[in-house]
Amino acid sequence: MSLDRRQFLKGMLAGSASAVACTPTRVEARGNLTMPPKAMGLLFDSTLCIGCKACVAACKEANGLPPEFTKPDDVWDTPLDISGKTKNIIKVYRHGSGLTKDAEVDGYAFMKHSCLHCVDPSCVSACPVSAMRKDPVDGIVSYDEKACIGCRYCVVACPFSVPKFEYDKALPKIVKCELCRHLKPGDAFQYPACAQVCPTGATLYGPVADLKAEAQRRLALKPGSEAEFPRGRIGMAPGDKTADATTWASPSQKASFADSHVARVPHYLQRIYGDKELGGTQVLKLSAVPMAKLGMPELPERSFASVSETMQHSLYGYLITPAIVLGGLIIAARRNVRPEEDEAGQAQENE
Ligand code: SF4
Ligand code: SF4
Ligand code: SF4
């Protein structure tokens, strides 16, 4: 994706409308940040997802989140998107007859939406009080409600529209996936709940290096053949919740899969989403349907945070804050992908 200057400036002006009152910040010019040494994350394989939404329910349970009623009967938890009550959602893409799984034409496919734990996160860059932080070791992007001043710059800055504000609360917080970092030994969930309950291994937890190797293994499999797909987590000794490089096993050793699921290899698109986008994310995604159709934006390899902070370093940068620049970049990026979104828009709806 390329941002033309006119689109960027238009977006930047639009972004600035909500952020003119903030204090200028000086930072050094820089390139993308790099993956932390023991980065942890998720691999979501759209082709393995059966849309059961066990991950949505487990996420709510693990995070103590209430149901969301969007239908008149108020009986079922029916979130339409991630929100202040929902950190994780499964959306469905549908086209034409919608009969064939993982087909772009006359088919359907699922996509998980939650925080991607960006390697160089815009939300962290935009936050003026460091309430959004990226752990230097495991790379989890966390939120500190005690530090948060409610400015919502992180909401404006996130390219994936992830952080949500609790507008309906007297003392609102930002809500987003924190990779279940709060779980302790003895809890019902020992590692990210969405991965722990997923019956097919569509959502898998582990060190990003192992998840990437597993994604590459899948892309090299022969379509139509039968293969084994790990479930739950990979690359970690039983009982470990946090990354420990000394216990990592190679996912290429099939025998190391503690639990697995056998399925036919689909016609994967040869792309690992999150490997390069904005300098990489710790949540990686595979699919057989183009990512843009599944609601994932096409993004450049240079992180918006590095662009924003570099502009801040320039002379005129003293007049604008990261939130203004990031808001502009996000709006311009969304405008850039609109034609594809529109095409997919009629087909993509919440399940
Ligand atoms: S639990 Fe797994 S298979 Fe079920 S909806 Fe979630 S990702 Fe898909
Ligand atoms: S997806 Fe959004 S909220 Fe999550 S780390 Fe990236 S910028 Fe922050
Ligand atoms: S890692 Fe935890 S908080 Fe994040 S989507 Fe999965 S269950 Fe929800």
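Each value, and the rule that gives it
- Residues numbered from 1 in each chain as written.
- Chains lettered and ligands numbered in written order.
- Predicted model: local features only at pLDDT ≥ 70, side-chain atom pairs only at ≥ 80, totals over all residues.
- Heavy atoms only, no water.
- Helix = DSSP H or I, 4+ residues; strand = E, 2+ residues; numbered from the N terminus.
- Contact = heavy atoms within 4.5 Å.
- Areas by Shrake-Rupley, 256 points an atom, 1.4 Å probe, with all protein chains shown as cover.
- Near = heavy atom within 4 Å.
- Nonpolar A, V, L, I, M, F, W, Y, C, P; charged D, E, K, R; others polar.
- Buried < 20%, exposed > 50% of the residue type's maximum accessible area, 1.4 Å probe, protein only.
- Pairing = 2+ DSSP bridges.
- Axes fitted to C-alpha atoms, helices over the stretch in contact; angles between N-to-C directions.
- Salt bridge = Lys/Arg side-chain N within 4 Å of Asp/Glu carboxyl O.
- Lys, Arg positive; Asp, Glu negative; His and termini not counted.
- Polar contact = N/O pair within 3.5 Å; in protein donor to acceptor, adjacent residues only side chain to side chain.

### Let's talk about the overall build of the protein
In step 1: Secondary structure assignment for the protein yields eight helices and 14 strands.
In step 2: Nonlocal contacts in the protein, meaning residues at least 24 apart in sequence, comprise 68% of its contacts between residues at least 6 apart.
In step 3: Of the roughly 16,100 Å² of accessible surface on the protein, a fraction of 55% belongs to carbon and sulfur atoms.

### Here we look at the site of ligand 3
In step 1: Surveying the vicinity of ligand 3 reveals the residues Cys59, Asn63, Asn88, Lys112, Cys177, Leu179, Cys180, Pro192, Ala193 and Cys194.
In step 2: Secondary-structure elements contributing two or more residues to the shell around ligand 3 are helix 2 (54–63) and helix 5 (193–197).
In step 3: Class assignment of the residues belonging to the shell around ligand 3 gives a composition of seven nonpolar, two polar and one charged.

### Some details on the site of ligand 2
In step 1: Near ligand 2 there are 14 residues, and of these Cys115, Leu116, Cys118, Cys123 and Cys158 occur at the shortest range.
In step 2: Here the residues of the shell around ligand 2 are counted per class, giving 11 nonpolar, two polar and one charged.

### Some remarks on the environment of Ile82
In step 1: Inspection of the secondary structure assignment puts Ile82 in the loop between helix 2 and strand 2 (89–94).
In step 2: In this structure, the C-alpha to C-alpha distance between Ile82 and Lys164, residues 82 residues apart in sequence, is 7.6 Å.
In step 3: With residues near it in sequence (within four places) discarded, Ile82 still touches Lys87, Asn88, Ile89, His113, Ser161, Val162 and Lys164.

### Notes on unusual backbone geometry
In step 1: Backbone geometry places Lys53, a non-glycine residue, at a positive phi of 65°.
In step 2: Along the chain, Lys53 falls in the loop between strand 1 (40–45) and helix 2.
In step 3: At Cys180, a residue that is not glycine, the phi angle is positive and equals roughly 50°.
In step 4: Note that Cys180 resides in the loop between strand 8 (174–175) and helix 5.
In step 5: For Cys180, a relative accessible area of 10% gives the class buried.

### Some thoughts on the sheet that holds strand 1
In step 1: With mixed pairing, the four strands of this open sheet are ordered in space as 11-9-1-13. The open sheet terminates on both sides in strands that have one partner only, identified here as strand 11 (232–233) and strand 13 (283–286).
In step 2: Here strand 1 runs beside strand 9 (residues 203–207); their pairing, made up of five bridges, is antiparallel. Residue pairing for strand 9: Leu43 is matched across the bridge by Leu204.
In step 3: On top of the sheet, helix 6 (residues 208–220) reaches strand 1, strand 9 and strand 13; it is set at about 130° to strand 9, its chief contact.

### Observations regarding the pattern of salt bridges
In step 1: Per the stated rule, a full pass over the model turns up 19 salt bridges.
In step 2: The closest approach of N and O atoms between Asp45 and Arg218, which form a salt bridge, is 2.9 Å. Linking Asp45 in strand 1 with Arg218 in helix 6, this pair joins segments that are 173 residues apart in sequence. Residue Asp45 shares its accessibility class with Arg218, and that shared class is buried.
In step 3: The closest approach of N and O atoms between Glu277 and Arg271, which form a salt bridge, is 2.6 Å.
In step 4: The exposure class assigned to Glu277 is buried, which follows from its relative accessible area of 7%.

### Comments concerning the side chain of Glu68
In step 1: One can find Glu68 in the loop between helix 2 and strand 2.
In step 2: Buried and without a salt bridge, Glu68 has Lys60 as its closest oppositely charged side chain, separated by 4.2 Å.
In step 3: Contact partners of Glu68, with chain neighbours within four places excluded, come to Lys60, Trp76, Asp77, Thr78, Pro79, Asp81, Ser83, Lys85 and Thr86.

### Let's talk about helix 2
In step 1: Of the positions making up helix 2, those classed as buried are Cys55, Val56, Ala58, Cys59, Lys60 and Ala62.
In step 2: Residues of helix 2 that are buried make contact with strand 2 and helix 5.

### Remarks on the environment of Asp168
In step 1: Structurally, Asp168 can be placed in the loop between strand 7 (164–165) and strand 8.
In step 2: Of the residues examined, Asp168 reaches a relative accessible area of 55% and is grouped as exposed.
In step 3: Sequence separation between Asp168 and Gly84 is 84 residues, and the spatial gap between their C-alpha atoms is 8.8 Å.
In step 4: Within the structure, the side chain of Asp168 is placed 2.9 Å from the side chain of Lys85, a separation counted as a polar contact.

### Examining the pairing of strand 13
In step 1: Of the two faces of strand 13, both are covered, the one formed by Val283 and Lys285 as well as the one formed by Leu284 and Leu286.
In step 2: Note that strand 1 and strand 13 share four bridges and pair parallel. Each residue of the ladder has a partner; that of Asp45, found in strand 13, is Leu286.

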